[in-house]
2 protein chains.
Amino acid sequence: MAEAKSGRDIIRGLLDPASIGRRARVEGWVRTRRTGKDFTFLEVNDGSSLANLQVVADASLPGYSEIPHITTGSSVIVSGTIVESQGKGQAVEMQAEVVTAVQTAAPDFPLQKKRHGFEFLREISHLRVRSNTFGAVFRVRNAMFFIVHEYFQKRGFICLQAPVITASDAEGAGEMFRVTTLDSERGSGSPGGGDGAGGGEDFFGRKASLTVSGQLEAEIFAHAFHDVYSFGPTFRAENSNTSRHAAEFWMIEPEMAFCDLAGNRRLAEDFIKTIVAGTLERCGADMAFFDQRIEPGLLDKLDRLLASDFETVTYTEAVAMLEASGENFEYPVGWGLDLQSEHERYLTEKKIGRPTFVIDYPKEIKAFYMRLNDDGRTVAAMDLLVPGVGEIIGGSQREEREDALRARMAEMQIPLDEYWWYLELRKYGSVPHSGFGLGFDRALMYFTGMSNIRDVVPFPRTPGHVEF
Amino acid sequence: MAEAKSGRDIIRGLLDPASIGRRARVEGWVRTRRTGKDFTFLEVNDGSSLANLQVVADASLPGYSEIPHITTGSSVIVSGTIVESQGKGQAVEMQAEVVTAVQTAAPDFPLQKKRHGFEFLREISHLRVRSNTFGAVFRVRNAMFFIVHEYFQKRGFICLQAPVITASDAEGAGEMFRVTTLDSERGSGSPGGGDGAGGGEDFFGRKASLTVSGQLEAEIFAHAFHDVYSFGPTFRAENSNTSRHAAEFWMIEPEMAFCDLAGNRRLAEDFIKTIVAGTLERCGADMAFFDQRIEPGLLDKLDRLLASDFETVTYTEAVAMLEASGENFEYPVGWGLDLQSEHERYLTEKKIGRPTFVIDYPKEIKAFYMRLNDDGRTVAAMDLLVPGVGEIIGGSQREEREDALRARMAEMQIPLDEYWWYLELRKYGSVPHSGFGLGFDRALMYFTGMSNIRDVVPFPRTPGHVEF
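Let me begin by describing the structure that accompanies this report.

Chain B puts 123 residues into the contact, and the matching count from chain A is 123 residues. Interface area, chain B with chain A, both sides summed: about 10,700 Å², of which 63% is carbon and sulfur. Counting the surface chain B buries against chain A, the share from its top three residues, B:Gln161, B:Phe258 and B:Tyr428, is 8%. Across the contact surface, chain B and chain A share 52 residue pairs in polar contact (both at pLDDT 80 or more). Top element by residues in the side of chain B that touches chain A is helix 3 (residues 132–154) of chain B. It accounts for eleven residues. In the side of chain B that touches chain A, the residues fall into 60 nonpolar, 34 polar and 29 charged. For strand 8 (residues 178–180) of chain A and strand 8 (residues 178–180) of chain B, the ladder comprises three bridges, and the chain directions are antiparallel. Pairing of A:Thr180 across the sheet is with B:Arg178, part of strand 8 of chain B.

Here we come to the packing of helix 5 (residues 261–282) of chain B against helix 7 (residues 298–307) of chain B. Residues and elements named next belong to chain B. As a packed pair, helix 5 and helix 7 sit with axes 10 Å apart at the nearest point and diverge in direction by 140 degrees. When the axes of helix 5 and helix 7 are compared, the pair comes out oblique. Crossing hand, helix 5 versus helix 7: left-handed. Each of Ile 272, Lys 273, Val 276, Ala 277 and Leu 280 in helix 5 lies in contact with helix 7, whose residues at this interface are Leu 299, Leu 302, Asp 303, Leu 305 and Leu 306. The residue inventory of the contact of helix 5 with helix 7, partitioned by class, reads eight nonpolar, no polar and two charged.

Another point: the nonpolar core. Counting 217 residues, the largest nonpolar core has A:Phe271, A:Phe290 and B:Phe271 as its most contacted members. When near neighbours in sequence (up to four residues on either side) are disregarded, B:Phe271 contacts B:Val148, B:Tyr151, B:Phe152, B:Ile252, B:Phe436 and B:Leu438.

Moving on, we come to the environment of B:Ser19. All names here are of chain B. Position of Ser 19 among the secondary structure elements: in the segment before strand 1 (23–35). Classification of Ser 19 by relative accessible area gives buried; the value is 4%. Linking Ser 19 and Arg 454, residues 435 residues apart in sequence, is a C-alpha distance of 38 Å.

Turning next to the packing of aromatic side chains. Applying the stated criterion across every chain, the model contains 70 aromatic pairs over all chains. Here A:Tyr315 and A:Trp335 contribute two aromatic rings whose centre-to-centre distance is 5.7 Å and whose plane-to-plane angle is 80 degrees, an arrangement assigned as edge-to-face. On the criterion of sequence distance, the pair formed by A:Tyr315 in helix 8 (residues 315–323) and A:Trp335 in the loop between helix 8 and helix 9 (341–351) is long-range, its members being 20 residues apart. By relative accessible area, which is 0% here, A:Tyr315 ends up buried. Here the aromatic rings of B:Phe145 and B:Phe440 are separated by 6.2 Å at their centres, their planes lie at 70 degrees, and the arrangement is edge-to-face. A residue pair is termed long-range when its members are at least 10 positions apart, and B:Phe145 in helix 3 and B:Phe440 in helix 12 (residues 440–448) qualify at 295 residues. Side by side, B:Phe145 and B:Phe440 carry an identical accessibility label, which is buried. Through a chain of ring-to-ring contacts, three or more aromatic side chains come together here, namely A:Phe145, A:Phe231, A:Trp250, A:Phe440, B:Phe145, B:Phe231, B:Trp250 and B:Phe440. The lysine or arginine in question, A:Lys366, covers the ring of A:Tyr361, its NZ or CZ lying 4.3 Å from the ring centre. Cation over ring: B:Lys301 sits above B:Tyr446, and NZ or CZ is 3.9 Å from the ring centre.

Secondary-structure assignment places A:Ala367 in the loop between strand 13 (356–362) and strand 14 (378–386). C-alpha of A:Ala367 to C-alpha of A:Ile393: the two residues are 26 residues apart in sequence and 15 Å apart in space.

Moving on to the pattern of salt bridges. Counted according to the given criterion, the structure contains 54 salt bridges over all chains. Note that A:Asp270 is salt-bridged to A:Arg155, the shortest N-O span being 3.7 Å. Taken together, the residues A:Asp270 in helix 5 (residues 261–282) and A:Arg155 in the loop between helix 3 (132–154) and strand 6 (158–160) connect sequence positions 115 residues apart. Since its relative accessible area comes to 32%, A:Arg155 is described here as partly exposed. Put simply, A:Arg408 and A:Glu411 hold a salt bridge, and the shortest N to O gap is 2.4 Å. Of this pair, A:Arg408 and A:Glu411 are both found in helix 10 (residues 402–411), three residues apart, which corresponds to roughly one turn of the helix. On the basis of relative accessibility, which here comes to 9%, the residue A:Arg408 falls in the buried class. The structure contains a network of salt bridges with shared partners spanning A:Arg8, A:Asp46 and B:Asp227.

Analysis parameters
- Residues numbered from 1 in each chain as written.
- Chains lettered and ligands numbered in written order.
- Predicted model: local features only at pLDDT ≥ 70, side-chain atom pairs only at ≥ 80, totals over all residues.
- Heavy atoms only, no water.
- Contact = heavy atoms within 4.5 Å.
- Buried area = accessible area lost by both parts, 1.4 Å probe.
- Polar contact = N/O pair within 3.5 Å; in protein donor to acceptor, adjacent residues only side chain to side chain.
- Helix = DSSP H or I, 4+ residues; strand = E, 2+ residues; numbered from the N terminus.
- Nonpolar A, V, L, I, M, F, W, Y, C, P; charged D, E, K, R; others polar.
- Pairing = 2+ DSSP bridges.
- Axes fitted to C-alpha atoms, helices over the stretch in contact; angles between N-to-C directions.
- Parallel < 35°, antiparallel > 145°, perpendicular 65-115°, else oblique.
- Left-handed = near helix turned anticlockwise from the far one by under 90°.
- Core = buried A, V, L, I, M, F, W, Y, C linked by side-chain atoms within 4.5 Å.
- Buried < 20%, exposed > 50% of the residue type's maximum accessible area, 1.4 Å probe, protein only.
- Phe/Tyr/Trp six-rings, centres within 6.5 Å; stacked < 30°, edge-to-face > 60°.
- Lys NZ or Arg CZ within 6 Å of the ring centre and 35° of its normal.
- Salt bridge = Lys/Arg side-chain N within 4 Å of Asp/Glu carboxyl O.

Here it is as structure tokens:
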């Protein structure tokens, strides 16, 4: 039984040759065991690193007879001395003095040595985190998560927790989940309470939904704190069973006052590069693993991203490039039509060959809050396209002129009275301001080479799936 | 018009006498204007600090005639030189060279100089962030938020984003919000789509709700990464209109493998003290403001917390203390009954006089996952009580023995088949493990002296309220 928090050593900190000669005590789980005539090898992992600590238990150890019965998956506490490894594959190993099996895993533990398909592992989200790939995924996810916060905090941005439950639903960003305390017509409902006819008023007294974005709230904060960001869960009730869609995902949304589209682009480029560089630095072994096992060439791809100056083209220029390309696109190209993934990838991969901002889209295909350009036809939108994916960031300068915003909302039939507070931001100390959104989970896919969003989210929610 | 991100100075960085002689350019909002015969004073705030930068614009400035018309709330860009202040109340001021009114606020801007009640300010959540109190609240909230992440990251904890949408609902932590894509019986419903009789299957094909806790998912991660934490939004559909209840709030939930209740207590004490000390250090001016204006004695209260060794008593001892107290409590006291707020405050304020862990509660009044003690009657729970509030942290050592867990779940009629994965954690490498939950918003109330949770949450959700 563990006397907790006292003197455990983190395995990641022991794997360096500098640890040789150190006495240590580790707590973790057995990945494999090999028993020979005179000794047993245990590969022990505590989640701190991809690499295991190899533990050597000599048959002469007191109580040795239990050790050959330790199964894969078992929890153990091991004390001993770090020595130079005799075998290959690791610099150091631990010469065990005491091996305690905390609990011996049942022999049907599903993560035996053979490799498993990701599809199978999705069915056991509670165990897949103990595999090499998912250990690496969630260590990188954690590092990237914190680097995002560090990035903004170092630059004086204030983090706001935008509300998850919202009454706004006119943003047009897709279908929304309804939040209610009423029974639904066809749901199982809760047996008690209510009057049997639906249970009275709903909790909020009006329709409430799960948010699709924290942007509008971030705009409020930007008008008080200048530079702010929201980083939290957002939702889409789209019935899309693709490898890139999840119903629940985290969005990074900075918003900056006194900032135009050029400033927005500069921040987005610096941000992406800083996050990539930081992740490579802190998660070197995990990133090398992804490069070897998941996406050969990943590290080159990221190095090229770091070395490139991002390009900027207008939507109008982009359409001209596509029309002149001679490519056979599946979807039509033409001024006024939205760019499809195939178009975005042609531009960033074949035509331009590096990350590219496309700016100044036709107002008809963008949201009501984007700032109308002087041409009266386009808005100050920006999408960042990167090779291998297409769009990774979407942003804009926001319409800060009250009259222009009212006119645009009326044109798009956005109910003005629901957005009274959004309009008031333009009445009391309005400023040019800009921001963007980056889907955290999709960025993680790009950074790790994992090709299914279900494999970078701890417990993914997709149509028909809400287990764990 | 702002050429964004180029050369703005953050006001917080200019307020020190070391800035005297510096040329600077600031962007912000006017808190007050006073126009004299030969000059105008503008108090400019950019959200970086409680203090404004006093700007002095001499009547001899080119274009001066506009400046006396700048209203409270207007957005401005000002360039000039930082000089020693002639007035009192600030060490430095800016001698303006160029003052640009970006947008002149309408004269009915609600935040004029007089102080407003918090109740009124709640109706204008989009503007209250520009007041002294709410500026301070959300700066402290941001600092505390990041200090929490730093605390865990420095210690090697992995952050997981626990799912917001969940199918679990048997934790007994209170009423849950339902998440659905179906129309509700009495709701307004969405006009299009569906077959008019409810619209087919629900999105997830089963009942889904908003999570009340990320603990169970954190337990999964702790069995792979040893030490982990969840920090995200959680929900309660309780129809409670009190100053301490919000429907949506953020919870901090660390979970540690190979950790018993004593280790859990040690972490909780160290955590609370580190967060308080860090907040005081980074937000000195804001915290002094709260001490002066919101809760006289706040800084003393927090200093005492930092200086105290937290006490630990068992529930059984606590009940004996209450029974021997001679106090006239409103609620009854007796072994087996839950402690009420008045009991908790008596213990930590009057009887013991410092923060106190109460441990080993009767199993009947605690959740199914708490570890049964050897007495067979109590579980390894811990509640941290602090003077002035009562309970601030709730935690436990979790039941890691599969048989004991099954028995307890059966006793409490928790459906075993819904928790098959939770049980499997006990079958494959189970370990003693522990964790706790701290409500971020309530902790912020305690740290700032703000007495209503609606005033520490950016956009609070309470019964009948989902504006903004």
